[in-house]
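Each chain, written out:
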Amino acid sequence: MTLTNLIAAVIAAFAVTQLAIFTTTVYLHRALSHRALTVGDPAAIPFRAVIWMTTGMRPREWVAVHRKHHAATDTADDPHSPFQVGFWRVQLGNIGLYKRCASDHANVQKYARDLPPDRLDRLAFDHSFVGLAIGITIIVVTMWVLGFGLFAGFLAAGLHGVMYVMLSGAINAVGHTRGKQPYVNSATNMQSLALITAGEGLHNNHHAAPTSARFSLHKAELDPGWWLVRVLVKLRLAQVRHEDVHLKTAA
Ligand SMILES: [Zn+2]
Ligand SMILES: [Zn+2]
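The rules we used
Once a new chain begins, its residue numbering starts again from 1 and follows that chain's sequence as written. Chain letters and ligand numbers both follow the written order, the letters beginning at A and the numbers at 1. Under the rules for a predicted model, residues below a pLDDT of 70 receive no local features and side-chain atom pairs below 80 are neither given nor counted, while totals for whole chains, interfaces and linings still include all residues. The term nonpolar core refers to a group of buried residues, namely Ala, Val, Leu, Ile, Met, Phe, Trp, Tyr and Cys, whose C-beta atoms join them within 7 Å. To sort residues by burial, count the other C-beta atoms lying within 10 Å of each one's C-beta; a count of 20 or more means buried, 12 or fewer means exposed, and anything in between means partly exposed. C-beta atoms are built from the backbone. By definition, residue pairs are in contact when their C-beta atoms, positioned from the backbone, come within 7 Å. Lines fitted to C-alpha atoms define the axes, with helix axes restricted to the stretch in contact, and inter-axis angles between N-to-C directions lie between 0 and 180 degrees. By the criteria applied, helices consist of DSSP H or I runs no shorter than four residues and strands consist of E runs no shorter than two, each listed in order from the N terminus. Any angle that falls under 35 degrees is termed roughly parallel, while one over 145 is termed roughly antiparallel, one within 65 to 115 roughly perpendicular, and all others oblique. Left-handed describes a crossing in which the near helix is turned anticlockwise from the far one by less than a right angle; the clockwise case is right-handed. Residues are grouped as follows: Ala, Val, Leu, Ile, Met, Phe, Trp, Tyr, Cys and Pro are nonpolar; Asp, Glu, Lys and Arg are charged; all remaining types, including Gly, are polar.

**Considerations on the nonpolar core**
Core analysis: the largest hydrophobic core is formed by 56 residues, its most contacted members being Ala12 and Ala156. When sequence neighbours within four positions are dropped, the list of residues in contact with alanine 12 reads Ile139, Met143 and Ala156.

**Observations concerning the packing of helix α1 (residues 3–33) against helix α9 (residues 150–173)**
As a packed pair, α1 and α9 sit with axes 8 Å apart at the nearest point and diverge in direction by 45°. Of the possible angle classes, the one that applies to α1 and α9 is oblique. Handedness of the crossing formed by α1 with α9: right-handed. In this structure, α1 contributes Asn5, Ala8, Ala9, Val10, Ala12, Ala13, Phe14, Val16, Thr17, Ala20 and Ile21 to the contact, and α9 contributes Ala152, Leu155, Ala156, Leu159, His160, Met163, Tyr164 and Leu167. Looking at side-chain class alone, the contact of α1 with α9 contains 16 nonpolar, three polar and no charged residues.

**Considering unusual backbone geometry**
The phi dihedral of arginine 35 is positive, around 55°, even though this residue is not glycine. Among the structural elements, arginine 35 can be located in the loop between α1 and β1 (37–39). Its identity as a non-glycine residue notwithstanding, alanine 198 has a phi of 50°, on the positive side. Residue placement: alanine 198 occurs in the loop between α10 (191–196) and α11 (203–208). Residue alanine 198 is classed as buried on the basis of its C-beta count, with 25 C-beta atoms lying within 10 Å.

Next up, the structure:
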């Protein structure tokens, strides 16, 4: 493998991961889990397709795990608390912790009752392996057509998987242990993490104001996910529930 092909694989993996991260934060997290914004079908269906092909996850399961995290933050019932199971177990084993909670039907029933499977789920989006197979095929064929070879395509797909899992782990592990705590809750703000996780690193702000579509609440904080929300609103593809920030806890 040439250096050029290797660099191309890393760039492609980074791009696909960012696409998945932006979709996760704006659609799965801010829109579906917290109803901080409403997204109509013209944007929701592409978002669902991206999640399906880049992660294989089912939105209602992600929502159930996440709402349980907010309902039981850093207690024994939290699906992924570094205080309960240790920093490295969450950072490196987040996928296992996620799967354990997501595959528990009772959790999904309790926390995502408002998101029953629809026709598109039954037809396509509930079939995780089909989505992942299509996603990997798109990456491999694109890299091959661009002249970087088949191996670079498979490498890009693999690297994307590792990056997405590690960044998701970092939001749950680093985002509850390291960084600033302007509000009284167990989560933390880390701007550097926020820049590579489409704003999710401003996790202390988010726990303080979960229904805010904007995670940047102080001067000089940057929330790339909010920039995408603003573009969607401008294009009339989404509506923000409330522009003013409703704090849950005192500053
Ligand atoms: Zn949290
Ligand atoms: Zn949340």
